[in-house]
Amino acid sequence: MARSGTWRLTAASSSFAWAIWDGEAVVYDERLALTHYIGPAALAVLQALEGQSGATCDELIERLRSAGHSIEPNAEDLQGLRDLLDGLNRCGLAEFRAS
Amino acid sequence: MKLGDLSLSELRSSLSRTGVSLRTGPVVTRVRSRLPVVADALALHYMEHPIESANAYADFNVRVDGTGGLRRWFRAQAVFTVDGAAPFDPLPQDQAFPMLEWGLNWCVTTFCHQYLMLHAAVVEHDGRALILPAPPGSGKSTLCAGLVHAGWRLLSDELTIIDPGSLLVVPLPRPISLKNASIELIRQRAPGAAFSDVVRATNKGAVAHLRPPVDSVHHASEQARPGWVVLPRWQSGVGTDLRPLSKAQGLMRLIDNAFNFNVHGPSGFRTLSALIDGCQCFELTYSNLDDALSRLADLPGERTTP
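Now for a look at the structure at hand. Just so it is clear, the model here is predicted, and its values are computed rather than measured.

## Brief notes about the overall build of chain B
Right, so step 1: When you go through chain B residue by residue, the secondary structure sums to 9 helices and 17 strands.
Right, so step 2: The C-alpha radius of gyration computed for chain B amounts to 19 Å, which stays within 12% of the reference 19 Å derived for 306 residues, consistent with globular compactness.
Right, so step 3: By its C-alpha atoms, chain B is 55 × 40 × 35 Å across when sized along the principal axes.
Right, so step 4: Expressed as a percentage of its 306 residues, the buried residues of chain B come to 54%.
Right, so step 5: Surface exposure of chain B reaches about 12800 Å², of which carbon and sulfur atoms provide 50%.

Here it is, written out as structure tokens:
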């Protein structure tokens, strides 16, 4: 069952070093000396979280659709989005706050 | 003065007493050894390299000598030391020169942190460097030797040294280390080239070193701007496939193959990102050296076959 709450960028993410090319990125977390590859879908999600208050998964789908991405509000895409967000959470880039 | 100006007896004498201060690219190493096999190999491979005066500053003081005790008479061994410390276990004495080469690599990667260093062969043509990062066994030295004998300038077969200030590759032209089947493959391709004797049963298999081309040694002070990053992978029986790689994937692979990325931290990240920004990135899978060389001769931006 889906948790209720919102996703946002972590405070630490602003201190990461970024290199972005053609819809892909590499980020370097100096604190943990870790480097992460960010694919096009993950980068789109991060950009949808940028500079805005937290968003639920449904709100994120809307933001992504508004930005021209072909994500649908169906169960399959929703699960894909949750998996992506979990991955970004493991990288220390996004965090979930339960409501 | 270059090392080849010394006669073999002068070289042996210097090596066994004060040492020979050998300049390889940006590094001066004072080498001492009483082993004739080391003197002979240095005379073969480093004849065109400059040597500094005996009292010049040396970045490293290294020694390769036989071990003491009964081992002098029974399965003689050699040990590599740098500033008196032995970072490796002794090896059979016929491996003394390969051990010196591995030791010199170790010195550079362990201490030269003013540079960003990649585990990568690197060659240059027309002012642009082709960087070939790969783990051992990927065929990068074979490819490097093939490229060098097709007209590219050798910068290094093992260590790509990046100056973080200029983003240029700093040449370190030294003997190319070939292993197993690659030795015969390159020997056939470059019949005039000078090889050391094959040393068998090393922990890398059979090893032979190929003397660096004279022109590459003479132009060792000419740094080169990176133009391409190609990640080679030799795989038996496959067709040649040169496939573009995104810059983000190229950067990840470069970081994977960096010796001291975390020493440099965020500035290292910026350096490698800027380097990738100016490069085209590819993955190369190959089994046939001729095919691979021909694909690399046609790299985008490479106007003429060298």
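Next, the rest of the story.
## Some words on the sheet that holds strand β4 (residues 34–38) of chain A
Residue and element names in this part refer to chain A.
Right, so step 1: Pairing within the open sheet is antiparallel, and its 3 strands lie in the order β2-β3-β4. On the outer flanks of this sheet lie β2 (17–21) and β4, each paired with one strand and no other. Adjacent strand axes in the sheet meet at a mean angle of 15° when their direction is disregarded.
Right, so step 2: One ladder, built from 5 bridges, connects β2 with strand β3 (residues 24–29); its direction is antiparallel. Bridged to Ala19 within β3 is Val26.
Right, so step 3: Across the face of the sheet, helix α1 (residues 40–49) comes into contact with β2, β3 and β4 while running at roughly 100° to β4.

## Quick word on the interface of chain B and chain A
Right, so step 1: Contacts between the two partners involve 15 residues from chain B and, on the opposite side, 14 residues from chain A.
Right, so step 2: Of the roughly 1100 Å² buried between chain B and chain A, counting both surfaces, carbon and sulfur atoms make up 76%.
Right, so step 3: Together, Ala248(B), Met252(B) and Phe269(B) form the three largest contributors to the area buried by chain B at its contact with chain A, with a combined 43%.
Right, so step 4: Along the contact surface separating chain B from chain A lie 0 salt bridges.
Right, so step 5: Counting the contacts that link chain B with chain A gives 3 residue pairs in polar contact (both at pLDDT 80 or more).
Right, so step 6: Elements with a contribution of two residues or more to the side of chain B that touches chain A: α7 (247–256) and α8 (261–277) of chain B.
Right, so step 7: Tallied by class, residues from the side of chain B that touches chain A come to 8 nonpolar, 5 polar and 2 charged.

## Some points on unusual backbone geometry
Right, so step 1: The phi angle at Asp22(A) is positive, at roughly 45°, despite the residue not being glycine.
Right, so step 2: If you trace the backbone, Asp22(A) turns up in the loop between β2 and β3.
Right, so step 3: A positive phi angle is found at Asp83(B), which is not glycine, with a value near 50°.
Right, so step 4: Residue placement: Asp83(B) occurs in the loop between β5 (77–82) and β6 (91–92).
Right, so step 5: What makes Asp83(B) exposed here is its relative accessible area of 54%.

Cut-off values and rules
Sequence order as written defines residue numbering, which begins from 1 separately in each chain. Each chain takes a letter, starting from A, and each ligand takes a number, starting from 1, following the order in which they are written. Given that this is a predicted model, residues contribute local features only at a pLDDT of at least 70 and side-chain atom pairs are listed and counted only at 80 or more, while totals for whole chains, interfaces and linings are drawn from all residues. Excluded from the side-chain calculation are hydrogens and water; included are all heavy atoms of the structure. Helix and strand assignments come from DSSP, with helices taken as H or I runs of at least 4 residues and strands as E runs of at least 2, each series counted from the N terminus. Only C-alpha atoms enter the radius of gyration, while the globule expectation follows 2.2 Å times N to the 0.38, with N the number of residues. In this scheme, a residue with accessible area under 20% of its type's maximum is buried, one over 50% is exposed, and one in between is partly exposed, where area comes from a 1.4 Å probe on protein chains only. Here the accessible surface of atoms and residues is derived via Shrake-Rupley with a 1.4 Å probe, and residues count as covered only by protein chains that are part of the display. A pair of strands is treated as paired once DSSP finds two or more bridges between them. Lines fitted to C-alpha atoms define the axes, with helix axes restricted to the stretch in contact, and inter-axis angles between N-to-C directions lie between 0 and 180 degrees. In this analysis, two residues are considered to be in contact whenever any of their non-hydrogen atoms come within 4.5 Å of each other. Defined here as a combined quantity, buried area equals the accessible surface (1.4 Å probe) lost by two parts on assembly, summed across both. Whenever Lys or Arg places a side-chain nitrogen within 4 Å of a carboxyl oxygen from Asp or Glu, that contact is recorded as a salt bridge. By the criterion applied in these results, polar contacts are pairs of N or O atoms within 3.5 Å in which, for protein atoms, one can donate a hydrogen and the other can accept it, and in which residues neighboring in sequence qualify only through two side-chain atoms. Three residue categories are used. Nonpolar comprises Ala, Val, Leu, Ile, Met, Phe, Trp, Tyr, Cys and Pro, charged comprises Asp, Glu, Lys and Arg, and polar comprises the others, including Gly.

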